[in-house]
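Per-entry structural report
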Amino acid sequence: MFADPTTEAATFAAVFAALYVAHQVADHWVQTQHQADCKGRPGWVGRIACAAHVATYTLTALIALVFLVANTGITLSGWHVAVGLTVSAVSHYIADRRTPLRKLAELLGSARFYALGTPRPGRDDNPSLGTGAYALDQSFHLFFLFAAALIIA
């Protein structure tokens, strides 16, 4: 029996919405200040902080999917959830280590945008979320949330 395309589209939309909400909560509420400050640092301090952030980020996404399933009757494959959350976790770790995302921006000709809003050396003249790096980070995450939702749904 073939799946109903409308049901598949609705499942995808619901999964994406759950992952997007989980992303916002995990990146801005669950993440500790230590993780935010250290996840991009070189060496083990940065790796451990980033891995801890990604672990709580992924747990938040899993909880969101559990609530989605429990409250909507949507059925999700455990295998697809595992693969989708793995794609999300690995891509999130790569972006949050900072250097890979900066190098990708440079490779794609977006180095100036990546640096947009960065405080000038020796000054603290833009302590805000309004940087090119943040915008590229968030759009990178959303691309992979879309991919994860496709895999999961």
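For the structure given in this document, a descriptive report is provided here. (Residues numbered from 1 in each chain as written. Predicted model: local features only at pLDDT ≥ 70, side-chain atom pairs only at ≥ 80, totals over all residues. Heavy atoms only, no water.)

Some thoughts on the nonpolar core
Residues Val15, Leu19, Leu65, Leu68, Leu76, Leu85 and Ile152 are the most contacted members of the largest nonpolar core, which totals 19 residues. Counting residues per element, the ones that place at least two in this core are helix H1 (5–30), helix H3 (43–72), helix H4 (78–96) and helix H7 (132–152). If we ignore the near neighbours within four places in the chain, the residues touching Leu85 are Leu19, Thr58, Ala61, Leu62, Leu65 and Ile152. Within the second largest apolar cluster, six residues are counted, among which are Ala95, Leu101, Ala133 and Phe140. (Core = buried A, V, L, I, M, F, W, Y, C linked by side-chain atoms within 4.5 Å. Buried < 20%, exposed > 50% of the residue type's maximum accessible area, 1.4 Å probe, protein only. Helix = DSSP H or I, 4+ residues; strand = E, 2+ residues; numbered from the N terminus. Contact = heavy atoms within 4.5 Å.)

A word on the packing of H1 against H3
Interaxial distance between H1 and H3 falls to 8 Å at its minimum, and their mutual angle equals 140°. In this structure, the crossing between H1 and H3 has a hand that is right-handed. On H3, the residues touching Ala14, Val15, Ala18, Leu19, Ala22, His23, Val25, Ala26, Asp27 and Val30 of H1 are His53, Thr56, Tyr57, Thr60, Ala61, Ala64, Leu65 and Leu68. Residues that form the contact of H1 with H3 fall into these classes: 13 nonpolar, four polar and one charged. (Axes fitted to C-alpha atoms, helices over the stretch in contact; angles between N-to-C directions. Left-handed = near helix turned anticlockwise from the far one by under 90°. Nonpolar A, V, L, I, M, F, W, Y, C, P; charged D, E, K, R; others polar.)

Re the packing of aromatic side chains
Throughout the structure, instances matching the rule amount to six aromatic pairs. Aromatic side chains Phe143 and Phe144 sit 5.0 Å apart centroid to centroid with 90° between the ring planes, which places their arrangement in the edge-to-face category. Residue classification places Phe143 among the exposed positions, given a relative accessible area of 53%. Three or more aromatic residues joined by ring pairs make a cluster, and in this case those are Phe12, Phe16, Tyr20 and Phe146. Sitting over the face of the ring of Trp44, Arg47 holds its NZ or CZ atom 4.8 Å from the ring centroid. (Phe/Tyr/Trp six-rings, centres within 6.5 Å; stacked < 30°, edge-to-face > 60°. Lys NZ or Arg CZ within 6 Å of the ring centre and 35° of its normal.)

Describing H7
When the terminal C-alpha atoms of H7 are compared, their 30 Å separation across 21 residues agrees well with the 30 Å that a helix rising 1.5 Å per residue should span. Within H7, burial applies to Gly132, Ala133, Asp137, Gln138, Phe140, His141, Leu145, Ala148, Ala149 and Ile152. Elements that come into contact with the buried residues of H7 comprise H1, H3, H4, helix H5 (99–107) and helix H6 (111–115). (Expected span 1.5 Å × (residues − 1).)

Focus on a nonpolar patch on the surface
The grouping of Tyr20, Val21, Val25, Trp29 and Val30 at the surface amounts to a nonpolar patch, some 500 Å² of accessible area in total. Turning to its location among the elements, Val30 is positioned in helix H1. The partly exposed category is assigned to Val30, whose relative accessible area is 33%. (Patch = residues over 30% accessible without salt bridge, like charges linked within 9 Å, V, L, I, M, F, W, Y side chains within 5 Å. Areas by Shrake-Rupley, 256 points an atom, 1.4 Å probe, with all protein chains shown as cover. Salt bridge = Lys/Arg side-chain N within 4 Å of Asp/Glu carboxyl O.)

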